[in-house]
Amino acid sequence: MIGKWLAACVFAAGGLGAAQAQVRDLKVGMILPLSGPFASTGQQMVNGARLYLKEHGDTVAGRRIVLIEKDDTGVSPSISKRQAQNLLIQDKVEVLAGFGLTPGAFSVAPLATEAKVPMVVLNAATSSITEKSSYIVRTSMTLPQVAAPMASWAAAHGIHKVYVAVADYGPGHDAAAQFKKTFAEAGGEVVGEVHTPLTSPDFAPFLQKIKDAKPDAIFLFVPNGEQGVAFAKSYTERALADAGIRLLATGDVVTEDVLAAMGDNALGMITSFHYSQAHDSAENAAFVKAYAQAYPGTRPNMVAVAAYDGMRLISAALEKTGGDAGGDAFMAAVKGLAWASPRGPVEIDSRTRDIIQNVYIRKVERVDGLLQNVEFDTIEAVKDPGKQ
């Protein structure tokens, strides 16, 4: 609980109404994993958010948007909560944003509710996050949203038996549950399931167990970053492809910022996801070009796009409210917002406050010497099936 004192501080900072708000900066407190195993996720968020403000300007409805970044290390909900409290009390932010992993988002949700402060989730993907507070909106995805299309595609393309391997936390549980449900409804069979540790897993014994089960394919979800690199390496070393076991995954496993580290181990992997750097659209071409110019040597992934769109959402909400970032006015403004994102057409679901978006089936291929997630099928306007 943050108590009456914090609520009073937040009211003083953010509840003064549009007339006074226009003369003050709008402080956005970003809670990010800037160190530790998920640091690349945090940096992608920072890059995407800053790029949007650089391209479109940092002043909306007379208010200058100022980003204040705080490191939560990605795996410690107590740190996420403490950083949120500091941002609200000391920095007097009016919007919270970021949240690389689900545990951190869960820990901060009660603060958003009590302070009536908008909370924009830019990555954490457990379906139930938006149900933890009516002041939460998400511009990334949910795991059920991308797992269901993968299950449907697998069942339709000769894959009858699958072994499920997911990280042992909220998004992994969501991904496993939705994949199993959709795959079973399509006539497929899940022949085994393993939940891997969230930190420093050794995938070799899990992969040997899977190989012994002789499925047609593995369905994999691990957080974007180092774990996907390690899993792909172990998959190759244990010759599962030679045993006829295909590797299917959500796109977290092969994000653009880790493809180079995965190397040839990633080739041929089939994934389902809402963004690829190779997505063919004018909006994405412009985004990729601008990102390369702003951050040379770094490739944008889905987190960068979610943060880019998160700043677009904040800006659009301020335009609609005349600069009022109070929680109730802000949340009313974001419901139903729609725009052309680098990932394709998107819309904020008025009922769930999650994002509605296309999901693409992709294959890792080498294009002009660069590993890319090449899209070859599209499922349009996918809502979170976990909330249907």
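Just so you know, these numbers come straight off a predicted model, no measurement behind them. (Residues numbered from 1 in each chain as written. Predicted model: local features only at pLDDT ≥ 70, side-chain atom pairs only at ≥ 80, totals over all residues. Heavy atoms only, no water.)

## Here we look at the pairing of strand β13 (residues 344–348)
(1) Moving on: As paired strands, strand β12 (residues 338–341) and β13 are joined by four bridges and run antiparallel to one another. Looking at the pairing, tryptophan 339 lines up with valine 346 of β13.
(2) Moving on: Of the pairings in the sheet, the one linking β13 to strand β14 (residues 355–367) comprises three bridges and is antiparallel in character. Each residue of the ladder has a partner; that of valine 346, found in β14, is glutamine 357.
(3) Moving on: Turn length for the β13-β14 hairpin, with the two strands adjacent in sequence and antiparallel, is six residues, and the turn residue arginine 353 shows positive phi of about 65 degrees. (Pairing = 2+ DSSP bridges. Helix = DSSP H or I, 4+ residues; strand = E, 2+ residues; numbered from the N terminus.)

## Considering the pattern of salt bridges
Any two side chains of opposite charge can pair, on the condition that their charged atoms come close.
(1) Moving on: A complete count under the given rule lists twelve salt bridges for this structure.
(2) Moving on: Across the salt bridge formed by lysine 180 and glutamate 193, the nearest N and O atoms sit 2.7 Å from each other. Highlighted residues: lysine 180 in helix α7 (residues 170–185) and glutamate 193 in strand β8 (residues 189–196), separated in sequence by 13 residues.
(3) Moving on: By relative accessible area, which is 29% here, lysine 180 ends up partly exposed.
(4) Moving on: Counted as one network, the salt bridges with shared partners bring together Arg138, Asp354, Asp384 and Lys387. (Salt bridge = Lys/Arg side-chain N within 4 Å of Asp/Glu carboxyl O. Buried < 20%, exposed > 50% of the residue type's maximum accessible area, 1.4 Å probe, protein only.)

## Examining the packing of aromatic side chains
(1) Moving on: Taken as a whole, this structure holds ten aromatic pairs when the rule is applied.
(2) Moving on: Their ring planes at 10 degrees and their centres at 4.2 Å tell us that phenylalanine 179 and phenylalanine 219 sit as a pair that is stacked. Taken together, the residues span a long stretch of sequence, with phenylalanine 179 in helix α7 and phenylalanine 219 in strand β9 (residues 217–221) at a distance of 40 residues. Taken individually, phenylalanine 179 and phenylalanine 219 each receive the classification buried, so the pair is uniform in this respect.
(3) Moving on: For the ring pair phenylalanine 203 and phenylalanine 231, a centre distance of 5.0 Å and an interplane angle of 70 degrees mean the geometry is edge-to-face. Remark: phenylalanine 231 occurs in helix α9 (residues 226–237) and phenylalanine 203 occurs in the loop between β8 and α8 (204–213); sequence separation between them is 28 residues. For the pair shown, phenylalanine 203 and phenylalanine 231 are each scored as buried.
(4) Moving on: An aromatic cluster is defined as three or more aromatic residues linked by ring pairs; in this entry it consists of Tyr52, Tyr275, Phe287, Tyr291, Tyr295 and Tyr308. (Phe/Tyr/Trp six-rings, centres within 6.5 Å; stacked < 30°, edge-to-face > 60°.)

## As for the UniProt feature "domain: Leucine-binding protein" (unreviewed entry) in the protein chain
(1) Moving on: UniProt's entry tags residues 26–365 with the feature "domain: Leucine-binding protein" (unreviewed entry), counted in the numbering of this structure.
(2) Moving on: Taken as a whole, residues 26–365 contains 43% helix and 23% strand, while its terminal C-alpha atoms sit 43 Å from one another. (UniProt positions renumbered as here; feature names shortened; annotations may be inferred.)

## Observations regarding the sheet that holds strand β2 (residues 59–60)
By definition, the strands of a sheet pair up through backbone hydrogen bonds, in either a parallel or an antiparallel sense.
(1) Moving on: Spatial strand order, β2-β3-β1-β4-β5-β6: six strands in an open sheet with mixed pairing. Across the chains shown, the open sheet's two edge strands, defined by having one partner strand only, are β2 and β6 (136–138).
(2) Moving on: As paired elements, strand β5 (residues 119–121) and β6 share three bridges and run parallel to each other. From the neighbouring strand, methionine 119 faces β6, where its bridge partner is isoleucine 136.
(3) Moving on: Against the sheet, helix α4 (residues 77–89) makes contact with β1 (26–32), β3 (63–71) and β4 (95–98), and its axis sits at roughly 170 degrees relative to β1, the strand it touches most. (Contact = heavy atoms within 4.5 Å. Axes fitted to C-alpha atoms, helices over the stretch in contact; angles between N-to-C directions.)

## Quick look at the pairing of strand β15 (residues 370–382)
(1) Moving on: Bridge count for β14 against β15 is ten bridges, and the pairing is antiparallel. Across the sheet, the residue bridging to arginine 362 is glutamate 375, located in β15.

## Details of unusual backbone geometry
(1) Moving on: One non-glycine residue with positive phi stands out, namely threonine 73, at about 65 degrees.
(2) Moving on: Of note, threonine 73 is situated in the loop between β3 and α4.

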